[in-house]
Amino acid sequence: MPENRCRIIGGWYLLLVGICVCQILFVGCESPTTSQTVGAIEIVGSDAFRAAVESALLRLQSQPGLYDDAMRNIGRLQEGTPEYYGVTAWQRPAIFAVHPETWPVSATWLAGATMHESCHVRQYHDAMSVYGNPPPQEMYSGTWAERECQVETLETLRRLNAPQSEIDALMRYVE
Ligand SMILES: [Zn+2]
């Protein structure tokens, strides 16, 4: 198994039942399957995964600024597993390994998750420019950092006219 090449930090996933997990995690790699691109972002995974991500990214492209923000921070969305998910925030653009309970929910939910991880990558690099590398962990995965990214996720869902159930699920973290 490849060693640190696929180290993951800041893993996050959301379920409609209202579970959000951000954690520092390292686990091994799943070997990529087929890939395609939407704009500059690569998508790696099964046919169903790639279709779901393409749909989410097209939603982001429909809103000025969102896709550009995502593209600046995320270079690849990859199908994750229960053991392997999260974002390589120290890279820019980073790899976002998407939790298997996140991507099947809906295009808007996955678009929100993408902007959420994009936010953490930006936080990491903003903090690095101030504190050096590696920056303090709380700057990109602490309570304040998490809240900032949840707010950005909520803004994304609203701009994309996401179902109210998704907005309600996220509001629990933002209020
Ligand atoms: Zn987070």
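Look a little higher up for the structure.
(A) Fine view of helix α1 (residues 47-61). Over its 15 residues, α1 runs 21 Å from end to end, which matches the ideal 21 Å to within 8%, given 1.5 Å per residue. Looking at the buried residues of α1, the elements they touch are β3 (34-38), β4 (41-45), α2 (66-73), β5 (74-79) and α3 (107-131).

(B) Inspection of the nonpolar core at higher detail. Core analysis: the biggest nonpolar cluster contains 45 residues, and Val53, Ala56, Phe96 and Leu110 have the highest contact counts within it. At the level of elements, β4, α1, α2, β5, β7 (94-98), α3, α5 (143-159) and α6 (164-174) are the ones that each hand at least two residues to this core. Residue contributions to this core peak at 10 residues, all from α3. Those residues in contact with Val53 that sit more than four places away from it in its chain are Ile43, Leu77, Trp103 and Leu110.

(C) Local environment of the pairing of β4. The element β4 is extensively covered by neighbouring structure, given that 4 of its 5 residues are classed as buried. For β3 and β4, the ladder comprises 5 bridges, and the chain directions are antiparallel. Residue pairing across strands places Gln36 opposite Ile43, the latter belonging to β4. Hairpin connection of β3 to β4: 2 residues between the antiparallel strands, including Gly39 at a positive phi of 60°. Where β4 and β5 come together, 3 bridges link them in parallel fashion.

Cut-off values and rules
Positions within a chain are numbered from 1, following the residues in the order the chain's sequence is written. Whole-chain, interface and lining totals are the exception, using all residues; otherwise, since this is a predicted model, local features are given only for residues with pLDDT of at least 70 and side-chain atom pairs are given and counted only at 80 or more. Each helix corresponds to a stretch of at least 4 residues labelled H or I by DSSP, and each strand to a stretch of at least 2 residues labelled E; elements are numbered beginning at the N terminus. Multiplying one less than the number of residues by 1.5 Å gives the expected span of a helix. The contact criterion used here is simple: two residues whose C-beta atoms, placed from the backbone, lie within 7 Å are in contact. Here, a nonpolar core means buried Ala, Val, Leu, Ile, Met, Phe, Trp, Tyr and Cys residues linked by C-beta atoms lying within 7 Å of one another. Exposure classes come from backbone-placed C-beta atoms, where a residue is buried if 20 or more other C-beta atoms lie within 10 Å of its own, exposed if 12 or fewer do, and partly exposed in between. Pairing between two strands is assigned when DSSP locates at least 2 bridges connecting them.

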